[in-house]
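In case you want the letters, here they are:
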Amino acid sequence: MLATGATAAETSRYGAEPADLTARLEQLVAAYPATIAGFDAKSLILKDGTRLPLSDGRTDKSFDQMLDSPDIGDMLAQPYPAGQKPAPPPLNFDPGRVRPEALFRALYGDCRKGEAGGRMRKVAWVPAHGGGTVSITMAQGADKALDRVSRELDRLPARFGKYLVPSAGTYNCRPVAGTSRWSMHAYGAAIDLNTAHSAYWKWNKAGADGTWSNRIPEEIVAIFEKHGFIWGGRWYHYDTMHFEYRPELLAR
Ligand SMILES: [Zn+2]
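Below, the structure is looked at part by part.

### Re the nonpolar core
Move 1: Within the largest apolar cluster, 57 residues are counted, with the highest numbers of intra-cluster contacts made by Leu44, Leu103, Trp125, Ile220 and Phe224.
Move 2: Once residues lying within four places of it in the same chain are set aside, the contact partners of Leu44 are Leu25, Leu28, Val29, Ile36, Gly38, Phe39, Thr50, Arg51, Leu52, Leu54, Ile72 and Leu103.

This is the structure we're talking about:
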């Protein structure tokens, strides 16, 4: 678990109380019934018998170390603020950006072994806005969820189309640029909107506080969140074109 020199305010904002952790674990199990069997006091238990520790016992991880080697508790520590008005997030508030690789490989497959790519399906992407098709994984029902997103986005007025088309991509078997971490694009469970109207923390060379900006309309964010996709615009390390399928972080 992350237990750095966080202030009391940060702990209350970021840390999961034990009761919260139980509720979040229940939501995690419910979100991926094909792969996750349940949990006990120490582990998340997969259907193939694999046990993933809730805590690795490390209390000294820096934020970057947590991103590089998170446990299940780290993944669930920051509650995703669905439905809130887009606003600059607090320092290192990145709910959903913490992904234990062993879990996500079990959910979607390892793209380097061809396990993720073989599960892709082409779906129509906002045809009313001229979006063509995109590929998305069939694992965990992500394709069906993106279908629902697309149909609902298609009912938005034409002026929303410029944010949605062209999509900047979905499946991409490579680590996050400059890191050894795998993004949800490597699992085929993420979509990027039009880069022309997007902001990304790495594009801002300063990378300092107060650089967050956003032009993605909240109507678009709300539709994705309704169907199980979280938005990178809610992260301190913001990526406003980015949406990924994370139903465990969204109440249904
Ligand atoms: Zn992305």
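### Considerations on the pairing of strand 1 (residues 36-39)
Move 1: As paired strands, strand 1 and strand 2 (residues 43-46) are joined by 3 bridges and run antiparallel to one another. Bridge assignment links Ile36 to a residue of strand 2, and that residue is Leu46.
Move 2: A loop of 3 residues connects strand 1 with strand 2, the two strands running antiparallel in sequence.

### Quick look at the environment of Ser183
Move 1: By secondary structure assignment, the location of Ser183 is in the loop between helix 7 (161-164) and strand 6 (190-192).
Move 2: Along the primary structure Ser183 and Glu244 are separated by 61 residues, whereas in three dimensions their C-alpha atoms are 9.3 Å apart.
Move 3: Setting aside chain neighbours within four positions, we find Ser183 in contact with Arg99 and Val176.
Move 4: For Ser183, the side chain forms a polar contact with the main-chain nitrogen of His185, separated by 2.9 Å.

### A short note on the state of the cysteines
Move 1: In this structure the tally under the stated criterion is 1 disulfide.
Move 2: The side chain of Cys111 participates in a disulfide bridge whose partner is Cys173; the two sulfur atoms lie 2.1 Å from each other. Here the disulfide of Cys111 and Cys173 is right-handed, its torsion about the S-S bond being about 80°. Of the two residues, Cys111 is situated in the loop between helix 5 (101-108) and strand 4 (120-124) and Cys173 in the loop between helix 7 and strand 6; the sequence distance between them amounts to 62 residues.
Move 3: Its relative accessible area of 9% is what places Cys111 among the buried residues.
Move 4: On the basis of relative accessible area, Cys173 is assigned to the partly exposed category, the value being 32%.

What counts, and at which threshold
- Residues numbered from 1 in each chain as written.
- Predicted model: local features only at pLDDT ≥ 70, side-chain atom pairs only at ≥ 80, totals over all residues.
- Heavy atoms only, no water.
- Core = buried A, V, L, I, M, F, W, Y, C linked by side-chain atoms within 4.5 Å.
- Buried < 20%, exposed > 50% of the residue type's maximum accessible area, 1.4 Å probe, protein only.
- Contact = heavy atoms within 4.5 Å.
- Pairing = 2+ DSSP bridges.
- Helix = DSSP H or I, 4+ residues; strand = E, 2+ residues; numbered from the N terminus.
- Polar contact = N/O pair within 3.5 Å; in protein donor to acceptor, adjacent residues only side chain to side chain.
- Disulfide = S-S within 2.5 Å.

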